Amino acid sequence: MKEGVQPTITDVARVAGVSKKTVSWVINQSPRLNEETRKRVQQVIRDLGYVPNPQARALALRRNFLIALIHDNPNAQMVLKVQQGVLEILRDTEFELLVHPVNRGSATMLEEIRQFLERQRPYGVLLLPPISENDSLAELCAAIGCRYVRMGSASFDNPDHMIASNDREAVRGAVEHLIEAGHRRIGMILGPAGFRSAMERQAGYQEALARAGIAFDRALTAQGDYTFDSGMRAAERLFDMSPRPTALFCSNDEMAAGAVHVARQRGLHIPRDLSIIGFDDTAIASHLLPPLTTVRWPMIAMARAAAQMLIGGPGPGPADEASGLSPFGSTLIRRASVTPPPG
């Protein structure tokens, strides 16, 4: 190297005896490489004093080194956990995270996203539910040549573009936990109409009842929208019933917290008078009194896998055959909010 001349990725590849693509994988922390190659390339990078130039590479690739997180989700805790998972993968790489909220109810949403993508030219896009369920949005990303990954509660795309959980099975297991405790009159606070997660979770609730020979009663369900206030409103309606439910499954922890609040206002003791289960296992679940039994949705692990897929690493590993779960199987976290029904 001539004095005063900055080393390039080509120089690193030549000295290390690898391809430029291999050097790029090392820079981006791809797990594809064996440890010996990774250490050799890293040592050459240190010896040469090579500093990656994301601007130059962006010009060459006609892409910025940005991962765009596009969402229209009322669950702030979910969005924060997804950001955490993505940032864990992007740390010490050339990539940065760009968060772009949208309004799925807007008639111009697709055109607005098109303009955003053409203006920012992200390297890849992570789509969160519910807009991840919009096939037109996925087609838009493909049409303009922007790689994308969709997160959801069930699989609705090919494996190269999909990170999915097992919400239906997880909720079925949670409601079966209530049934095993002796509950037969089990209410449910539903998620927002039109959300795939809400449909999958309601399906799991109904499947658990059917397996136990308990007739599904629509009157025992109340509409929510994943917010604390909607959980309160839904709980008010369910608690006005006579007889009221002895147990309640809530489609997320925020609504479960709203239900707990209403129960206390009415002098109901949890779990002696009412058992409650939530979904997500956000911080609020362990901070409630008593701590909330809930389904842990692996948001951070899913976000990590999605980010790794976007920056060029392999996708999720094979399913865990021993457990029968997908790589992102949700699990029931048993705490103190469930006991047998009174009397």
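These remarks concern the structure in this document. Please read all numbers here as calculations on a predicted model, not as lab measurements.

Strand order in this open sheet of 5 strands is 2-1-3-4-5, and the pairing throughout is parallel. This sheet does not close on itself; its edge strands, each paired only once, are strand 2 (96–101) and strand 5 (162–164). For this sheet, the mean inter-axis angle between neighbouring strands, taken without regard to orientation, is 20°. Bridge count for strand 3 (residues 124–127) against strand 4 (residues 147–152) is 4 bridges, and the pairing is parallel. Looking across to strand 4, one finds that Leu 126 is bridged to Val 149. In the packing of helix 5 (residues 76–90) onto the sheet, contacts are made with strand 1 (66–71), strand 2, strand 3 and strand 4, and the angle to strand 2 comes to roughly 160°. The strands touched by helix 6 (residues 109–120) within the sheet are strand 1, strand 2 and strand 3, with strand 1 carrying the most contacts at an inclination of about 170°.

What follows concerns the pairing of strand 1. Burial analysis of strand 1 places 6 of its 6 residues in the buried class, which makes it a mostly covered element. Relative to strand 2, strand 1 is paired through 6 bridges, and the arrangement is parallel. Bridge pairing in strand 2 places Ala 68 opposite Leu 98. Note: strand 1 against strand 3, 4 bridges, orientation parallel. Note that in strand 3 the partner of Ile 70 across the bridge is Leu 127.

Here the focus is the side chain of His 71. Counting through the fold element by element, His 71 comes out in strand 1. Setting aside anything within four residues of it in sequence, one finds His 71 in contact with Val 79, Val 99, His 100, Pro 101, Val 102, Leu 128 and Ile 131.

Pairing between side chains becomes possible if they bear opposite charge and their charged atoms approach one another. For the structure on display, the rule yields 19 salt bridges. The shortest N-O distance in the salt bridge between Asp 273 and Arg 272 comes to 3.8 Å. Exposure remark for Asp 273: the relative accessible area of 17% places this residue in the buried category. Taken together, the shared-partner salt bridges connect Arg 168, Arg 172, Arg 196, Glu 200 and Glu 207 into one network.

Attention now goes to the environment of Met 255. Tracing the chain through its elements places Met 255 in helix 11 (residues 253–265). Judged by relative accessible area, Met 255 falls into the buried class, the value being 0%. Each C-alpha atom of the pair Met 255 and Gly 231 lies 3.8 Å from the other, and the pair is 24 residues apart in sequence. Ignoring anything within four residues of it in the chain, the contact list for Met 255 reads Ile 189, Leu 190, Gly 191, Gly 224, Asp 225, Tyr 226, Thr 227, Ser 230, Gly 231 and Cys 250.

Now for the sheet that holds strand 7 (residues 221–223). Pairing is mixed in the open sheet, where 6 strands are placed in the order 7-6-8-9-10-11. Strands at the two margins of the open sheet, each flanked by one partner only, are strand 7 and strand 11 (331–333). For this sheet the average axis-to-axis angle between neighbouring strands, irrespective of direction, equals 20°. Bridging between strand 6 (residues 186–190) and strand 8 (residues 247–250) involves 4 bridges; their strand directions are parallel. Bridge assignment links Met 188 to a residue of strand 8, and that residue is Phe 249.

So, how was this worked out
Residues numbered from 1 in each chain as written. Predicted model: local features only at pLDDT ≥ 70, side-chain atom pairs only at ≥ 80, totals over all residues. Heavy atoms only, no water. Pairing = 2+ DSSP bridges. Helix = DSSP H or I, 4+ residues; strand = E, 2+ residues; numbered from the N terminus. Axes fitted to C-alpha atoms, helices over the stretch in contact; angles between N-to-C directions. Contact = heavy atoms within 4.5 Å. Buried < 20%, exposed > 50% of the residue type's maximum accessible area, 1.4 Å probe, protein only. Salt bridge = Lys/Arg side-chain N within 4 Å of Asp/Glu carboxyl O.

In short, shape yes, function no, at least from these values alone.
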